[in-house]
Amino acid sequence: MKNPEVTPVMSQPLSPLAIVGMACLFPKADGLNAYWANIKRGVDGITEVPASHWAPDDYFDADPKKADFTYARRGGFLDPVPFDAAAFGIAPNLLEATDASQLLGLVVATEALKNAGYGPERPFDRNRASVVLGVTGTLQLAIPLGARLGHPHWKKALADCGIDPETAQEVMDRIADAYVPWQENSFPGLLGNVVAGRIANKLDLGGTNCVVDAACASSLSAMHLAAMELATGKADMVVTGGVDAFNDIFMYMCFSKTPALSPTGDSRPFSSGADGTILGEGLGMVVLKRLADAERDGDTIHAVLKAIGTSSDGRGKAIYAPSDDGQEKALRAAYAEAGVSPATIELVEGHGTGTKVGDAIELAALARVYREARPEGRWVTLGSVKSQIGHTKAAAGAAGLIKAALALHHKVLPPSIKVERPAEALDGTPFSLNAAPRPWLPRAEHPRRAAVSAFGFGGSNFHAVLEEYQPTKTAPDWDGRVDLLALSADSSPALEQLLERHLGAMTFDERRVACQQARAAFSPTAPHRLVVVLDGADPIQVLQSAKAQLREGRPAWSTPDGAFYGEGPCPGKLAVLFPGQGAQYPGMGRDLGCLFPAALDALTAAEQAFELGSLLDFMIPTTAYDEAGRRAQADELRATDVAQPALGACGLAAWNVLAGFGVAPAAFAGHSYGELAALCAAGRLTGPELHQLSNLRGRLMAGDGGDRGSMLAVRAPLAAIEQLVAEQGLDVVLANKNAPKQGVLSGSTAAIDAAERACAEAGLDTARLVVGAAFHSPLVASAEAPLLEALQSMALAPGAEVYANTTAAPYPADAAEARALLAGQLARPVEWVAQVQAMAAAGVHTFLEIAPGARLTGLVRSVLEDTAHAVVALDASNGKRDGVSDLARALAQLAALGHALDLSSWQGGAEGVRAIVERKPPKMAIPISG
């Protein structure tokens, strides 16, 4: 199809705008942090219709055509919000005559300005501050007020049925009592424009105040007008966004008779299973300023709004039918105005209603524009938050734009939920859907960029282009969902007394503050230590379990749900272990890379050093929605020249996070390739040197064709394996002495075939390893010289103690000796049993395995089964549990054992709960919902 011509609205692009403040209320999200946490975690905010709204038993019927009934009974609904009428100078008796949209709008606008740094304590020119919001039509209050006006019909019907006048009046009074009564404040209370007017009035903002209705594109339409206000100089600041608390039976009936609602009760945008949308309610607002002004004023800038493209469908098939031509015009206008190419956009927050027709038309327009910019490849993450919160109508564009701005700010590509298989229309497009978040790495060629679409009945099309303000992630985006309660005391009774204080009823915020205060007071040198991970739905149950265990009086214990106890002095030194090839799996490092700047920076450095494309696409690939795709991704990551750089990236990212919590081991070690990561963590190799060696070692070990040999794991005592090799005259090497009863043989493929047969005849269990070469054998000795040559430029300066696979002793301090040892390591056997024994003999009691996986943890247990020791794995669940939960468990174990740690920064420390502590309780809180 020929691309529609786009006539620019302005001869010059708009100056970029800064998003300096944001606030929102959405289903299961009482604020901005909760909204972002739900997005990252894929929380489903869709529920049954609550009793506060309407009764499905009264209105539900599965037949979509049944008059005056809806075939839907699920949606996204706001939880009640405590509204402080006194703070806004509203008399309580006026609340009944004021629509919830107006009241909740005040709450969100106040929070948006506060988030921007323009609370009551900061003076600014209020006459230059405007309020422009997207609101559709009249408000929900108009429906019950209008319903009261049916009393003549009630009266006539009752009379026609022979009901006497007195009884008829009683019936009519009872019906009327079910609706809000008319009063002098009802008229302003039901008007949509008063949502903006009440904000301007109560917050004393003297610029333009108005609302705009573009149906489901209303909030982006409002932002478009806000941009015009700033571009023309009419305002210096605009509070803008969308408000929609209209999820009553009337709205359900509107969408039911279109029909557009999902009969199965879920919105599945861009999924093959999409069968309709689901309704949601919410409010989303941003504070916009000209970018230059925001920089001058020292504002926090969450993201930059580059442009909003607009269009109308013109003459279409039907007033409510979407048009790909019309949407394409808006897309092209946006990119022309922003002066950027779609080839530089890596996140698209689609309108994505979940209707088959609507999604297909949207994808057609997107694909044409993006494929023209870049004919090959997939580079864009596509999604729609409607799968999580429903279609919030007038607030839908704001919900998407806030999501995109947060993604840019926190450097995370968010997930999409409810997709079992992507829609066929996605095949061959630049777009992919992700079931889990991905770290958003920077590009050297351009800043991170995102785009947001919103389309409305009547052919209104809007497409916004956003850009990150700064390329670095400056702080973890904590959300309080995984907390650590750390308690320490001089006696067990005193510890139990501390625990009792936390067993009382607490709100989520109260518990966050209590945990932070406890962590600040925690001492790892105290005689008694209890550290509990709170990451489930019922913290009281976890704490009660810990209390029961504490009363048993054992010196050390742990519970499966995340409680760890220790007493007395720290039992010995700590060593950190890094796994070798074979531990990798797709998705490793995902959660730490999404949360921590230190991990993201490590992944970025590895990505930039990688020589075979995108390392992240191998490590944390886009979601494969079928088993064949998942197997293919695992196979690609298994390749030696990919696996080794990936393991280095994952290990260094995890170590940087742990170091940030004060983890300070006495020694390091790594298994096979992991020795390189250990040397880097110990300070003997730099990060760039690690990545250089990882790429080189992986490439050398992968070889360039021919038989590079194979490896065979054998479950038997090492002495028995060695005896078998000698007796059978096998041309193999016992390359890995992993545990007293487990070894790995290396040799040519023919020799390993013979060894496998010999083991089978001897009754020994074996497993063929999927590797690219016979590691730690003479077959890979040719790699030693080039490795040694590369090492000549590296200082290998003294650092922390690192135990060597080859010698089972610490690396020599002399740089030349260390280079020779490291270069020769890949062709010599791994003496892991002797190495672990030597570390234990040197006083190491606790072994902490760095991600990925927990393979070394099991090996250490086997080696030291008769010796007191402790093993901790950072990735204990092997990716099955949230990575932050696994991190919390690892830190909790170390702290309970008495190792020196700094837990004060968990969840942002005192700063992370400052807003909660400073929040003043409302004088009179009245719960308000949609």
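Analysis parameters
Residues numbered from 1 in each chain as written. Predicted model: local features only at pLDDT ≥ 70, side-chain atom pairs only at ≥ 80, totals over all residues. Heavy atoms only, no water. Helix = DSSP H or I, 4+ residues; strand = E, 2+ residues; numbered from the N terminus. Rg over C-alpha atoms; globule rule 2.2 N^0.38 Å. Buried < 20%, exposed > 50% of the residue type's maximum accessible area, 1.4 Å probe, protein only. Contact = heavy atoms within 4.5 Å. Areas by Shrake-Rupley, 256 points an atom, 1.4 Å probe, with all protein chains shown as cover. Lys, Arg positive; Asp, Glu negative; His and termini not counted. Charge placed at Lys NZ, Arg CZ, Asp CG, Glu CD. Pairing = 2+ DSSP bridges. Axes fitted to C-alpha atoms, helices over the stretch in contact; angles between N-to-C directions. Salt bridge = Lys/Arg side-chain N within 4 Å of Asp/Glu carboxyl O. Core = buried A, V, L, I, M, F, W, Y, C linked by side-chain atoms within 4.5 Å. Phe/Tyr/Trp six-rings, centres within 6.5 Å; stacked < 30°, edge-to-face > 60°. Lys NZ or Arg CZ within 6 Å of the ring centre and 35° of its normal. Left-handed = near helix turned anticlockwise from the far one by under 90°. Nonpolar A, V, L, I, M, F, W, Y, C, P; charged D, E, K, R; others polar. Parallel < 35°, antiparallel > 145°, perpendicular 65-115°, else oblique. Expected span 1.5 Å × (residues − 1). pLDDT = per-residue confidence, 0-100.

**Q** Can you help me understand the overall build of the chain in this one?
**A** For the chain, the helix and strand inventory stands at 34 helices and 30 strands. Compactness check: the chain gives a C-alpha radius of gyration of 32 Å against a globular reference of 30 Å for 930 residues, within 12% of the reference. Structurally, the chain occupies a C-alpha span of about 110 × 75 × 60 Å along its principal axes. Buried positions account for 57% of the 930 residues belonging to the chain. By sequence separation, contacts in the chain at least 24 residues apart represent 79% of the contacts at least 6 residues apart. For the chain, the exposed area adds up to about 36,400 Å²; of that, 53% sits on carbon and sulfur atoms. Here the chain carries 79 positive and 102 negative side-chain charges, and the mean point of each set is 2 Å from the other.

**Q** Looking at this structure, I do not really get the sheet that holds strand E17 (residues 483–489). What am I missing?
**A** In a beta sheet, neighbouring strands pair by backbone hydrogen bonds and run either parallel or antiparallel. Spatial ordering of the open sheet is given by E17-E18-E20-E19, a layout of 4 strands whose pairing is antiparallel. Because the sheet does not close on itself, it has two edges, and the strands there are E17 and strand E19 (556–558). Direction aside, the axes of adjacent strands within the sheet are offset by 10 degrees on average. The pairing of strand E18 (residues 528–534) with strand E20 (residues 563–567) spans 5 bridges and is antiparallel. Directly across from Leu-530, in E20, lies its bridge partner Tyr-565. Running over the sheet, helix H17 (residues 508–521) touches E17 and E18 and is turned about 45 degrees from E17.

**Q** Explain the side chain of Arg-590 to me, please; I cannot follow it from the model alone.
**A** Summarising the element assignment, Arg-590 is placed in helix H19 (residues 590–595). Despite being buried, Arg-590 has no salt bridge partner; Asp-591 is the closest side chain of opposite charge, sitting 5.1 Å away. Sequence-distant contacts of Arg-590, defined by excluding residues within four places in its chain, comprise Ala-436, Pro-437, Arg-438, Pro-439 and Ile-620.

**Q** I'm lost on the nonpolar core in this one. Help?
**A** In this structure, Trp-655, Leu-887 and Trp-906 are the most contacted members of the largest nonpolar core, which totals 97 residues. It is helix H23 (residues 640–660) that provides the largest number of residues to this core, a total of 11 residues. Excluding its chain neighbours within four sequence positions, the residues that come into contact with Trp-655 are Val-576, Phe-578, Val-663, Pro-665, Phe-668, Ala-681 and Ile-850. If you look at the next biggest cluster of nonpolar residues, it comprises 51 residues, including Trp-36, Val-385, Val-452 and Cys-594.

**Q** So what exactly am I meant to see when it comes to the pattern of salt bridges here?
**A** Once the charged atoms of two side chains with opposite charge are near each other, the side chains can pair. Under the defined criterion, the tally for this structure stands at 52 salt bridges. Between Asp-297 and Arg-296 there is a salt bridge, with its nearest N and O atoms 2.9 Å apart. Through salt bridges with shared partners, a single ionic network connects Arg-122, Arg-128, Asp-236, Lys-289, Arg-290, Asp-293, Arg-296, Asp-297 and Asp-299.

**Q** Can you help me understand the sheet that holds strand E21 (residues 573–578) in this one?
**A** Spatially, E27-E22-E21-E28-E29 is the arrangement adopted by the 5 strands of the open sheet, whose pairing is parallel. Looking at strand neighbours, the two that pair on one side only are strand E27 (801–803) and strand E29 (870–873), the edges of this open sheet. Across the sheet, the axes of successive neighbouring strands diverge by a mean angle of 25 degrees, strand direction being ignored. Here strand E22 (residues 667–670) pairs with E27 via 3 bridges, running parallel. The partner of Phe-668 across the bridge, within E27, is Val-802. In the packing of helix H32 (residues 883–897) onto the sheet, the strands contacted are E21, strand E28 (844–849) and E29, and the crossing angle to E29 comes to about 155 degrees.

**Q** Would you explain the packing of aromatic side chains in this entry?
**A** A ring pair, where both rings are aromatic, is described by two values, the distance of the centres and the angle of the planes. Overall, the coordinates contain 16 aromatic pairs when judged by the stated rule. Among the aromatic residues, those joined into a cluster by ring pairs are Tyr-335, Tyr-370, Trp-379 and Phe-431. Taking the ring centre of Phe-69 as reference, the NZ or CZ of Lys-66 above it sits at 4.5 Å. Above the face of the Phe-60 ring, Arg-73 is positioned so that its terminal group lies 4.9 Å from the ring centre.

**Q** So what exactly am I meant to see when it comes to the packing of helix H28 (residues 784–791) against helix H29 (residues 815–825) here?
**A** For any two helices packed against each other, the geometry comes down to the angle between their axes and how far apart the axes lie. Put simply, H28 and H29 touch, their axes get as near as 8 Å, and they point 145 degrees apart. Both H28 and H29 take part in a crossing whose hand is right-handed. Where H28 abuts H29, its residues Glu-784, Leu-787, Leu-788 and Leu-791 lie against Arg-819, Ala-820, Leu-822, Ala-823 and Gly-824. Per-class residue counts for the contact of H28 with H29 are 6 nonpolar, 1 polar and 2 charged.

**Q** Mind showing me how you'd approach the packing of helix H3 (residues 100–115) against helix H8 (residues 193–202) here?
**A** With their axes 9 Å apart at the nearest point, H3 and H8 run at an angle of 45 degrees to one another. With respect to their mutual orientation, H3 and H8 come out oblique. Read as a crossing pair, H3 and H8 show a hand that is right-handed. Contacts between H3 and H8 pair Ser-101, Gln-102, Gly-105, Leu-106 and Ala-109 from the former with Val-194, Val-195, Arg-198, Ile-199 and Lys-202 from the latter. Across the contact of H3 with H8, the residue classes tally to 5 nonpolar, 3 polar and 2 charged.

**Q** I keep staring at the pairing of E21 and nothing clicks. Help me out?
**A** Put simply, side chains in a regular strand alternate between the two faces of the sheet. By the criterion of burial, E21 is predominantly enclosed, with 5 of the 6 residues buried. Pairing between E21 and E28: 5 bridges, direction parallel. Among the inter-strand pairings, Leu-577 is bridged to a residue of E28, identified as Glu-849. As paired strands, E21 and E22 are joined by 4 bridges and run parallel to one another. The partner of Leu-577 across the bridge, within E22, is Ala-669.

**Q** Quick question: what am I supposed to make of unusual backbone geometry here?
**A** The bulk of non-glycine residues show a negative phi, and the bulk of peptide bonds are trans. Going from Thr-258 to Pro-259, the amide bond is cis rather than trans, its omega being -15 degrees. Its location among the elements puts Pro-259 in the loop between helix H10 (249–256) and strand E8 (282–290). The omega torsion of the bond from Ala-851 to Pro-852 falls at 5 degrees, within 30 degrees of zero and hence cis. Along the chain, Pro-852 falls in the loop between E28 and helix H31 (855–863).

**Q** Whenever I open this one, the pairing of strand E5 (residues 129–134) confuses me. Can you help?
**A** Burial of E5 is extensive: 6 of the 6 residues sit out of reach of the surface. In E5, alternate side chains face the same way, and those of Ala-129, Val-131 and Leu-133 on one face and Ser-130, Val-132 and Gly-134 on the other are all buried. Here E5 pairs with strand E7 (residues 237–244) via 6 bridges, running parallel. Within E7, the position partnered with Ser-130 by the bridge is Val-238.

**Q** Would you mind going over the environment of Gln-516 with me for this structure?
**A** Looking at the secondary structure, you find Gln-516 in helix H17. Overall, Gln-516 belongs to the buried group, its relative accessible area being 12%. Sequence spacing of Gln-516 and Trp-906 is 390 residues, and the spatial spacing of their C-alpha atoms is 7.9 Å. Sequence-distant contacts of Gln-516, that is, excluding residues within four places in its chain, are made with Gly-909, Ala-910 and Val-913.

**Q** How should H23 be read in this particular structure?
**A** In an α-helix, one turn spans 3.6 residues, which is why side chains three or four residues apart end up on the same side. Over its 21 residues, H23 runs 30 Å from end to end, which matches the ideal 30 Å to within 8%, given 1.5 Å per residue. Within H23, 17 of the 21 residues are buried, which leaves the element mostly enclosed by the surrounding structure.

**Q** Please clarify how the confidence of the model for the chain should be interpreted in this entry.
**A** When pLDDT is averaged across the chain, the result is 93; 97% of the residues are at 70 or more. A low-confidence stretch, residues 1–12 stays under pLDDT 50, and its non-local contacts, those more than four residues away or across chains, total 14 contacts.

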